[in-house]
Amino acid sequence: MRIPAALVFVAALLAAGWLFAGPLNPPVGPVGPTYKSLTEVEPRIAISASNTPGNATSAYRITQPGSYYLLGNVVATVGKNGVAIAASGVTLDLNGFELGGITGSLSGVNVEGGNLRRIAVRNGTVRGCGVRGVNLQLATASSIDHVIASDNGGDGIYVGTNAVVSACAATNNGASGIGAGDGAAVSGCTGSNNAGSGIVLGGVSTISDCTANSNAQVGVALGSDCVMTDCSASRNGDSGIFTGAGCSIARCVVSGSSDSGISAYDNCTITGCTVKSGSTNGIRVTSRCVVAGNSCTFNGFGSGDGANIFATGDGSRIEGNHCTNADRGIQVNGSRNRVDNNSVTSNTIGFDINGTDNIVIRNTASGNSPNYSISAGNSVAPRISVTGSDGWAGITNANHPWANFGY
């Protein structure tokens, strides 16, 4: 009979004295447990009837600071919130489960009372609740991340002041998708197909890398003094982006808006954006704004006529934009604006300057009828006709440093 090689190897080790057993006598003193306790394995509190009992308005209620998690799906019934939070310093991990609601239910997650701080909700779905999906409006310095809020009767997600919302999706909700108070920071989120606006933020907020599509109202609505970068808004029922005063909007893409693509109030800066197919105007600003380096096309073909860029007030600077295929390339109705270094092509009217005390320099216009329509009372550099066919007579110095060109 052939002996297996493994047995021969073990026998050789035993013969050589290389294998040793452990000590037969236990150490002095009592023997302690070697396993980890449940608290050590899962150092959080499970949402349950014993740990977080509910009340008349909530299925479960958190009353102490701590870290909590769902053990499974939760349903908010008629007249109740799913999980109520009545303490500061609470983290609620949905743990990948769904917090759902039925007709007549309240919110999925709801903060009770004011003056609560440091509430965090993450990692799950809140769907079909009668009011809001996640309602942290009365809390400050909260955060929500990786939450999907859909088909709720009101807003999908609503947070208070100084909150952070990241990597969330809000869709098919009965009001706005995501809403926040002043001082919010929102990033990597989507708001789509909501009955209100996609994303609504209070003043001095920031928003980046977000998408707002096919909402019944505004795609992204901002309060005053906000910063918005690298976002997209398409096919919304009002403006794609609507801002208060003093905002900065950069590198955004806006298309198919039922009103203006970007509508901004005083002292705003709009740079490096692509805006197309707005029903009324591409970019519409009031006074003392900077509109620079944008690409605008096919705007203003809804009811009436519109412009790729429309400045209604005073003191704005419109520079280095490329505007094509609209009723009006650039239209300025106010006073003391500066319009320079723009390229305007194939619009019904290239530059339509109706106000007074505007300065119009270093622009190019091609294929418009006419290229320049500028009322009296504005400061206009020599308008050079490259082809000589549009009736500009008596100006031959095409090397003029401030010349406006038509070709």
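Before reading on, note that the structure itself is shown above.
As the structure is a computational prediction, the values presented were derived from the model and not from experiment.

Caption draft 1: Region of the structure containing the overall build of the protein. Scanning the protein for helices and strands turns up 2 helices and 48 strands. Split into buried and exposed, the 407 residues of the protein put 47% on the buried side. Considering only contacts in the protein between residues 6 or more positions apart, those separated by 24 or more positions represent 28%. When the accessible surface of the protein is summed, it comes to about 17,700 Å², and 54% of that surface belongs to carbon and sulfur atoms.

Caption draft 2: Summary view of the packing of aromatic side chains. Taken as a whole and judged by the stated rule, the model has 2 aromatic pairs. When the ring of Phe351 is compared with that of Tyr372, the centres are 5.0 Å apart and the planes differ by 5°; the resulting orientation is stacked. Taken together, the residues Phe351 in strand 42 (residues 349-353) and Tyr372 in strand 45 (residues 372-374) connect sequence positions 21 residues apart. Here Tyr372 falls in the buried class, since its relative accessible area comes to 5%. When the ring centre of Tyr158 is taken as reference, the NZ or CZ atom of Arg132 above it lies at 4.1 Å.

Caption draft 3: Structural view of the pairing of strand 42. Most of strand 42 sits inside the fold, with 5 of its 5 residues counted as buried. Looking at chain direction, strand 39 (residues 328-332) and strand 42 are connected through 4 bridges and run parallel. When the sheet's bridge partners are listed, Ile330 is paired in strand 42 with Phe351. Note: strand 42 against strand 45, 3 bridges, orientation parallel. From the neighbouring strand, Asp352 faces strand 45, where its bridge partner is Ser373.

Caption draft 4: Examining a nonpolar patch on the surface more closely. A contiguous nonpolar patch, built from Val75, Val78 and Ile102 and spanning about 260 Å² of accessible area, is present on the exposed surface. Along the chain, Val78 falls in the loop between strand 5 (74-76) and strand 6 (81-85). According to the relative accessible area criterion, Val78 is exposed, its value standing at 57%.

Caption draft 5: A look at the pattern of salt bridges. One pass over the structure, following the stated rule, counts 11 salt bridges. A salt bridge links Arg44 to Asp93; the nearest nitrogen and oxygen atoms lie 2.9 Å apart. Separated by 49 residues along the polypeptide, Arg44 in the loop between helix 2 (38-41) and strand 1 (45-46) and Asp93 in strand 7 (residues 90-93) bring together distant segments of the chain. Residue classification places Asp93 among the buried positions, given a relative accessible area of 11%. Note that Asp145 is salt-bridged to Arg122, the shortest N-O span being 3.4 Å. Here Arg122 lies in strand 11 (residues 119-127) and Asp145 lies in strand 14 (residues 143-150), a separation of 23 residues in the sequence. For Asp145, a relative accessible area of 17% corresponds to the buried category.

Caption draft 6: Here's a closer look at the pairing of strand 3 (residues 58-62). As defined by bridge partners, strand 2 (residues 53-55) adjoins strand 3 across 2 bridges and the pair is classed as antiparallel. Paired with Asn55 across the strands is Ser58, a residue of strand 3. Following strand 2, the chain reverses through 2 residues before pairing antiparallel with strand 3. With 4 bridges joining them, strand 3 and strand 6 adopt parallel strand pairing. Within strand 6, the residue paired with Arg61 across the bridge is Ala84.

Caption draft 7: Region of the structure containing the environment of Ile148. With respect to the helices, strands and loops of the structure, Ile148 is situated in strand 14. For the pair Ile148 and Gly133, spaced 15 residues apart in the sequence, the C-alpha separation amounts to 9.0 Å. Ignoring anything within four residues of it in the chain, the contact list for Ile148 reads Gly124, Thr125, Val126 and Ala169.

Caption draft 8: Representation of unusual backbone geometry within the structure. Pro370 follows Ser369 through a cis peptide bond whose omega is 0°. With respect to the helices, strands and loops of the structure, Pro370 is situated in the loop between strand 44 (364-366) and strand 45. The backbone of Asp225 sits at a positive phi, close to 60°, despite the residue not being glycine. Within the secondary structure layout, Asp225 lies in the loop between strand 24 (220-222) and strand 25 (227-229).

Reading guide: rules and limits
- Residues numbered from 1 in each chain as written.
- Predicted model: local features only at pLDDT ≥ 70, side-chain atom pairs only at ≥ 80, totals over all residues.
- Heavy atoms only, no water.
- Helix = DSSP H or I, 4+ residues; strand = E, 2+ residues; numbered from the N terminus.
- Buried < 20%, exposed > 50% of the residue type's maximum accessible area, 1.4 Å probe, protein only.
- Contact = heavy atoms within 4.5 Å.
- Areas by Shrake-Rupley, 256 points an atom, 1.4 Å probe, with all protein chains shown as cover.
- Phe/Tyr/Trp six-rings, centres within 6.5 Å; stacked < 30°, edge-to-face > 60°.
- Lys NZ or Arg CZ within 6 Å of the ring centre and 35° of its normal.
- Pairing = 2+ DSSP bridges.
- Patch = residues over 30% accessible without salt bridge, like charges linked within 9 Å, V, L, I, M, F, W, Y side chains within 5 Å.
- Salt bridge = Lys/Arg side-chain N within 4 Å of Asp/Glu carboxyl O.

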